[in-house]
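As a plain string of letters, each chain reads:
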Amino acid sequence: MVMSPASPTAAKPVAASRSRDTLLKVIVPIIVVFTLLSAWQIGVVLSGVPQYILPSPIAAGTALITDWGTLAPALWVTTKITLASLALALIGGVGIAIFLVQSRWIELAFYPITVILQVTPIVAIAPLILIYAPSTQVALLICAFLVAFFPILSNMVQGLKSVDHNLLNLFDLYGATRLQTLLYLKLPASLPYFMTGLRIGGGLALIAAVVAEFAAGSAGAGSGLAFRLLEAQYRLNIPRLFAALFLLSCLGVLIFAITSFLSWLALHRWHESSLKREN
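A quick note: this is a predicted structure, and the numbers were derived from the prediction, not measured. Every chain begins its residue count from 1, and numbering advances along the sequence as written. Since the coordinates come from a predicted model, pLDDT governs what is reported: local features require at least 70, and pairs of side-chain atoms require 80 or more to be given and counted, while whole-chain, interface and lining totals use all residues. Side-chain numbers here rest on the full set of heavy atoms in the structure, without hydrogens or water.

(A) Focus on the packing of helix α2 (residues 57–66) against helix α11 (residues 238–267). Orientation is described by lines fitted to C-alpha atoms, with helices fitted over the stretch in contact, and by angles between N-to-C directions that extend from 0 to 180 degrees. A run of H or I in DSSP counts as a helix once it spans at least four residues, and a run of E counts as a strand once it spans at least two, with each numbered from the N terminus. Closest axis-to-axis distance for the α2/α11 pair is 8 Å, and the angle between their directions is 80°. Classified by the interaxial angle, the pair formed by α2 and α11 is roughly perpendicular. Facing A59, A60, A63 and L64 of α2, the residues of α11 in contact are P239, R240, F242, A243, F246 and L247. Residue type decides the class: Asp, Glu, Lys and Arg count as charged, Ala, Val, Leu, Ile, Met, Phe, Trp, Tyr, Cys and Pro as nonpolar, and the leftover types, Gly among them, as polar. Classifying every residue of the contact of α2 with α11 by side-chain character gives nine nonpolar, no polar and one charged. An angle below 35 degrees is read as roughly parallel, one above 145 as roughly antiparallel, one from 65 to 115 as roughly perpendicular, and any other as oblique. It only takes one pair of heavy atoms within 4.5 Å for two residues to be counted as in contact.

Next comes the structure, spelled out in structure tokens:
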């Protein structure tokens with residue numbers, strides 16, 4: 001009797017292979033990070049470097065615990081600005097991309113403006129935004145939005161323009177309206193490009209939020225992690241500085257993980273970028 005490929009016995013090796021691959025993806029990075037931290041700790045202890053020059057991982061971890069009451073509110077402020085700017089960039093990027101691809105003349109007229117906004121350094125225009133914005137928080141939000149907006153816009157425009165012409169002709173043949181073509185063909189086809197822009201925009205939104213706060217020089221109880229970095233630097237509290245850097249890194253990794261998971265969730269059943277090769 002020939003065993004069917006879909007039988008439970010045949011599926012067990014495949015499931016075991018997938019579990020092993022998933023386990024390796026988790027264990028290998030943990031081992032590498034642990035090795036680097038151990039080498040850092042040993043190097044600092046053996047060389048006798050002062051804590052105000054290069055703190056050990058244990059000192060940075062201790063600072064993270066003891067200064068949590070100071071760092072946690074700043075982390076929340078930075079997180080809110082990052083997520084809000086990313087949400088606005090998603091809405092604005094997708095909406096303007098749909099507007100631009102409606103006509104070649106519209107794209108020629110307005111796309112260069114978005115390019116100018118992208119290539120202008122945010123540090124250069126941050127003082128102007130601070131002058132015209134009603135508050136510092138709004139200014140930081142605008143700066144982060146401008147940086148995260150263009151990758152989403154450019155990827156979305158490229159995705160909407162990369163639809164198979166044969167499928168467009170098929171929709172025209174069956175008399176589909178412009179709205180039906182957009183909803184049932186262009187938007188689904190541009191989803192991989194959108195997800196790429198989302199991953200890029202998520203990281204840039206965090207970077208822009210920190211850089212904008214550096215440029216704005218905001219301080220006080222409502223300031224983010226950028227101010228805590230500067231404060232720790234001025235006070236030579238380098239363990240706290242490393243603790244704040246660690247929180248920023250964790251926030252960036254979390255945003256990347258969430259956007260990557262959303263991308264996998266949307267594409268893993270049908271797109272080649274997320275399908276596993278069979279050979």
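Past the structure itself, the notes keep going.
(B) Quick look at the nonpolar core. The criterion is simple. A nonpolar core is a set of buried Ala, Val, Leu, Ile, Met, Phe, Trp, Tyr and Cys residues joined through side-chain atoms within 4.5 Å. Burial classes: relative accessible area under 20% of the type maximum marks a residue as buried, over 50% as exposed, and values in between as partly exposed (1.4 Å probe, protein chains only). Core analysis: the largest hydrophobic core is formed by 21 residues, its most contacted members being A97, L153, M156, V157 and L160. Where this core is concerned, the elements lending two or more residues are α3 (68–100), α6 (136–161) and α9 (191–216). Broken down by element, the residue count for this core peaks at eight residues, all from α6. Those residues within four positions of L153 in sequence are excluded, and the remaining contacts are G93, I96, A97, L100 and T114. Of all hydrophobic cores here, the second largest spans 18 residues; its members include L225, L229, L241 and L247.

(C) Region of interest: the pattern of salt bridges. The term salt bridge refers to a pairing of a side-chain nitrogen on Lys or Arg with a carboxyl oxygen on Asp or Glu at a separation within 4 Å. Counting across every chain of the model gives six salt bridges. For R104, the salt bridge is made with E107, and the minimal N-O distance between the two is 3.8 Å. Here R104 and its partner E107 are both found in helix α4 (residues 104–119), three residues apart, which amounts to about one turn of the helix. For E107, a relative accessible area of 11% gives the class buried. As a salt-bridge pair, R240 and E231 come within 3.4 Å of each other at their nearest N and O atoms. The burial state of R240 is the same as that of E231; both residues are buried. Sharing partners across several salt bridges, the network here consists of D67, R228, E231, R235 and R240.

(D) Structural detail: the UniProt feature "transmembrane region" (unreviewed entry) in the protein. UniProt positions are given in the numbering used here, feature names are shortened, and annotations may be inferred rather than shown by experiment. According to UniProt, the positions carrying the feature "transmembrane region" (unreviewed entry) are residues 26–46, 58–77, 83–101, 108–132, 138–155, 205–230 and 242–267. For the annotated span residues 26–46, helix accounts for 100% and strand for 0% of the residues, and the straight-line distance between the end C-alpha atoms is 31 Å. The span residues 138–155 is 100% helix and 0% strand, and its two end C-alpha atoms sit 26 Å from each other.

(E) Seen up close, the packing of α3 against α11. Taken N-terminus to C-terminus, the directions of α3 and α11 make an angle of 35°; their axes are 11 Å apart at the nearest point. For the crossing formed where α3 meets α11, the hand is right-handed. In this structure, α3 contributes W68, T70, L71, L75, T78, T79 and T82 to the contact, and α11 contributes R240, A243, A244, L247, L248, L251 and I255. Residues belonging to the contact of α3 with α11 are distributed by class as follows: nine nonpolar, four polar and one charged. Put simply, a crossing is left-handed when the front helix is turned counterclockwise from the back one by less than a right angle, and right-handed when it is turned clockwise.

(F) Broad picture of the confidence of the model for the protein. Each residue carries a pLDDT score, the predictor's confidence in it, ranging from 0 to 100. Here the protein shows a mean pLDDT of 85. Residues at 70 or above account for 89%. Mean pLDDT per element in the protein: helix α1 (residues 8–47) is the minimum at 78, and α2 is the maximum at 93.

(G) Representation of the packing of aromatic side chains in the model. What counts as a ring pair is set by centres within 6.5 Å for rings of Phe, Tyr and Trp (its six-membered ring), and what kind of pair is set by the plane angle: stacked under 30 degrees, edge-to-face over 60, tilted for all other angles. Considering all chains together, one arrives at five aromatic pairs under this definition. Measuring from centroid to centroid gives 6.2 Å for Y111 and F150, while their planes differ by 40°, and the two rings are tilted. Taken together, the positions of Y111 in helix α4 and F150 in helix α6 put the pair 39 residues apart, joining distant regions of the chain. Among the residues examined, F150 registers a relative accessible area of 15% and is labelled buried. Centroid distance F261 to W264: 6.0 Å. Interplanar angle 25°. Geometry classified as stacked. Within this pair, F261 and its partner W264 are both found in helix α11, separated by three residues, close to a single helical turn. Judged by its relative accessible area of 47%, F261 is partly exposed. You can call W264 partly exposed: its relative accessible area is 42%.

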